[in-house]
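Spelled out from the first residue to the last, the chains are:
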Amino acid sequence: MARELGIETVIVPVHTGLFSSLGLLVADTERQAVMPYRADLDALDLLGAEFDRMAKDVTEALREADPSAHTEALRVLDMRYRGQRFELSVTVPDGKLDSGLMASARQRFHAEHHRTYGRAGTDELVEIVNLRVRGRVRNPTGVERILSLPPSAPGPETTRACRFDRTEPTPVITRSALSPEPRQGPLVIEDMDATTLVPPAATAHRDRFNNIVISWTTTAPETTS
């Protein structure tokens, strides 16, 4: 299919059949609070008090599961120009909400609006629609650990009869048996959760992230089935 679509290189990542499960394992724990807010942007005391209350609620909710967890809280403003129906989210830098911080938030909104729509307005047109606080507890399990291969020596190489344009004995190997040097197909590469077939018209090698990299060659015969 890749070759028919003109794709010259196919990358098969580690744990191909477990991506959704692995995403859950490495994802941070998050909690978000949202509140409509239509007061003036210069009502800094009110704005700061609402952000503080929301941050406190989000932090307490995250610590219910783990009282010792280190929590982070990100303040976000949903902003738009007066008369618009859609808003853009802009992060508010850490620190006490003062005129300088709000000026920075306005400039971030102008820049994001220009990046998104190709134009920007002026400060007096900016209004806040919602306040958001995104709380997070970072997951100590890094994606590098999840994507690493378990330490194991390559097992003995076997063969299996595979049907391409003709039936031929095909080496069956593990991912760890691949090296950085391209190996000509056909190959059957067996993982714990998936099996990768490299046709005769392609080579395969393992990159530094342990991906299987399959590339088409011009010297090997075409496959028909």
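Details of the structure are given in the entry above.
Model, not experiment: these values are computed from the prediction.

Caption draft 1: Layout of the sheet that holds strand 8 (residues 183-184). In space, the 4 strands of this open sheet follow the order 1-12-11-8, with antiparallel pairing throughout. At either end of the open sheet lies a strand with only one pairing partner, and these are strand 1 (9-12) and strand 8. Pairing between strand 8 and strand 11 (residues 202-206): 2 bridges, direction antiparallel. Its bridge partner being in strand 11, R183 is matched across the sheet by A204.

Caption draft 2: Expanded view of the pairing of strand 7 (residues 167-174). Both strand 6 (residues 158-163) and strand 7 contribute to a ladder of 6 bridges, which runs antiparallel. Paired with T159 across the strands is P171, a residue of strand 7. What sits between strand 6 and strand 7 in their antiparallel hairpin is a turn of 3 residues.

Caption draft 3: Just the packing of aromatic side chains, in detail. Here the structure, examined in full by the defined rule, presents 1 aromatic pair. Here R75 stacks its cationic end above the ring of F51, 5.8 Å away from the centre of that ring.

Caption draft 4: Focus on a nonpolar patch on the surface. Taken together, the side chains of M1, L5 and I7 present a nonpolar region at the surface, about 380 Å² in accessible area. Within the fold, L5 resides in the segment before strand 1.

Caption draft 5: The pattern of salt bridges, seen in detail. In this structure the tally under the stated criterion is 14 salt bridges. Between E127 and R38 there is a salt bridge, with its nearest N and O atoms 3.5 Å apart. With E127 in strand 5 (residues 126-137) and R38 in the loop between strand 2 (29-36) and helix 2 (44-65), this residue pair connects regions lying 89 residues apart in the sequence. Judged by its relative accessible area of 13%, E127 is buried. Given a relative accessible area of 56%, R38 falls into the exposed group. Here R53 ties to D57 by a salt bridge, and the two come within 3.4 Å at their closest N and O atoms. Here R53 and its partner D57 are both found in helix 2, 4 residues apart, which amounts to about one turn of the helix. Put simply, D28, E72, R136 and R138 are held in one network by salt bridges that share partners.

Caption draft 6: Representation of the pairing of strand 11. Burial analysis of strand 11 places 4 of its 5 residues in the buried class, which makes it a mostly covered element. Bridge analysis of strand 11 against strand 12 (residues 212-216) gives 5 bridges, and the strand direction is antiparallel. Bridge pairing in strand 12 places A204 opposite I214. If you look at the hairpin formed by strand 11 and strand 12, you'll find 5 residues sitting between the two strands, and N210 has a positive phi there, around 70 degrees.

Here is what the cut-offs are and how they apply
- Every chain begins its residue count from 1, and numbering advances along the sequence as written.
- Owing to the predicted nature of the model, reporting of local features is limited to residues with pLDDT of at least 70; listing and counting of side-chain atom pairs is limited to 80 or more, with chain, interface and lining totals taken over all residues.
- Excluding hydrogens and water, the side-chain figures rest on all heavy atoms present in the structure.
- Strands are labelled as partners when DSSP assigns at least two bridges between them.
- Secondary structure counts use DSSP, requiring at least four H or I residues in a row for a helix and at least two E residues in a row for a strand, with both numbered from the N terminus.
- Here the aromatic set is Phe, Tyr and Trp, taking the six-membered ring for Trp, and pairing holds for ring centres within 6.5 Å; pairs whose planes are under 30 degrees apart are stacked, those over 60 apart are edge-to-face, and all others are tilted.
- Definition used: whenever NZ (Lys) or CZ (Arg) falls within 6 Å of the ring centre and also within 35 degrees of the ring normal, the charge is taken to sit over that ring.
- Residues form patches when they are more than 30% accessible in relative terms and have no salt bridge. Like charges link within 9 Å. Nonpolar side chains (Val, Leu, Ile, Met, Phe, Trp, Tyr) link within 5 Å.
- Note on areas: these come from Shrake-Rupley sampling with a 1.4 Å probe, and a residue is covered only by the protein chains present in the view.
- The term salt bridge refers to a pairing of a side-chain nitrogen on Lys or Arg with a carboxyl oxygen on Asp or Glu at a separation within 4 Å.
- To sort residues, take the accessible area from a 1.4 Å probe on protein chains only and compare it with the maximum for the residue type: under 20% means buried, over 50% means exposed, and anything in between is partly exposed.

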